[in-house]
Every structure is written in C-alpha cells, then in structure tokens.
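Listed below are the residues making up each chain.
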Amino acid sequence: MGHALFTQVLAARLPMQFWGNSVVDQLKHLEDAGYIKVAFSPPHGAAPPLATVNEITHLGRAVARYCGTDDGVPSRPHTIGKGLLPPHHAQM
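Report on the accompanying structure. (Residues numbered from 1 in each chain as written. Predicted model: local features only at pLDDT ≥ 70, side-chain atom pairs only at ≥ 80, totals over all residues. Heavy atoms only, no water.)

## A few points about the overall build of the protein chain
And step 1. Each helix and strand counted, the protein chain has three helices and three strands in total.
And step 2. Going through the 92 residues of the protein chain one by one, you find that 38% of them count as buried.
And step 3. Taking the contacts inside the protein chain whose residues are at least 6 apart along the sequence as the reference set, 63% of them involve residues at least 24 apart.
And step 4. For the protein chain, the accessible area works out to roughly 5800 Å², and carbon and sulfur atoms hold 58% of it. (Helix = DSSP H or I, 4+ residues; strand = E, 2+ residues; numbered from the N terminus. Buried < 20%, exposed > 50% of the residue type's maximum accessible area, 1.4 Å probe, protein only. Contact = heavy atoms within 4.5 Å. Areas by Shrake-Rupley, 256 points an atom, 1.4 Å probe, with all protein chains shown as cover.)

## A short note on the side chain of Thr-52
And step 1. You can see Thr-52 is positioned in strand E3 (residues 50–56).
And step 2. Within the local environment of Thr-52, its side chain forms a polar contact with the side chain of Gln-17, the two groups lying 3.2 Å apart.
And step 3. Ignoring sequence-local partners within four residues, the contact set of Thr-52 consists of Pro-15, Met-16, Gln-17, Lys-37, Val-38 and Ala-39. (Polar contact = N/O pair within 3.5 Å; in protein donor to acceptor, adjacent residues only side chain to side chain.)

## Some points on unusual backbone geometry
And step 1. Of note, the amide linkage connecting Leu-14 to Pro-15 takes the cis form, showing an omega dihedral of 5°.
And step 2. Along the chain, Pro-15 turns up in the loop between helix H1 (3–11) and strand E1 (16–19).

## Examining the pattern of salt bridges
It is possible for side chains of opposite charge to pair when their charged atoms get near one another.
And step 1. Summed over all chains, the structure comprises one salt bridge.
And step 2. The salt bridge involving Lys-37 is made with Glu-55; its shortest N-O contact spans 4.0 Å. Taken together, the residues span a long stretch of sequence, with Lys-37 in strand E2 (residues 36–41) and Glu-55 in strand E3 at a distance of 18 residues.
And step 3. Lys-37 gets classed as partly exposed once you look at its relative accessible area, which sits at 43%. (Salt bridge = Lys/Arg side-chain N within 4 Å of Asp/Glu carboxyl O.)

## Topic: the environment of Val-9
And step 1. Relative to the helices and strands, Val-9 resides in helix H1.
And step 2. Under the relative-accessibility criterion, Val-9 is labelled buried at 0%.

Encoded structure:
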C-alpha cells in the first residue's frame, strides 16, 4: 500500500506535493483506505500527475500509532526522495 510513502507523509509538514504515476497511485490507495486527504491535479500535457497531501486523517494517525510508524513528533526532519517536490516548488 505504500508504507514507506505513508511514513514519509507522517514525517513531513503538510501540505506536501508529490509527482509521478507510481507515487500518485500509492497516494490514491492511502486516500481510499481513509488515511490521508489528497487533492489530485489533472495531467497537463506530458507533465507527470501531481498530488497534494493536505491532511492525515484521525484514522491515519491511529493506524500510524498502532503500527508504530508515528513517533508522535509533529515536525521531524525529512529528506526529499523521488516523487517529492521540494517546498519552493509546492507553490506552483
């Protein structure tokens, strides 16, 4: 389902933008499961799909605590990985 991606979302400040087919598909699964709220942008020509994670739901936080993926620190530092746009690109 995208455990690593969910962990990355938990560690970051929201909103957070992601791009690329596989990452966007994982975000759709996390949203369908009720863990996050995401806004999906329609594709523009050859540009990869874009998604903005706006919120981690109460269910998502509960699952994170139950599964041990949330250490309770709201603003842990994070690294920029494939599919994640750095903050200065998030306001495009």
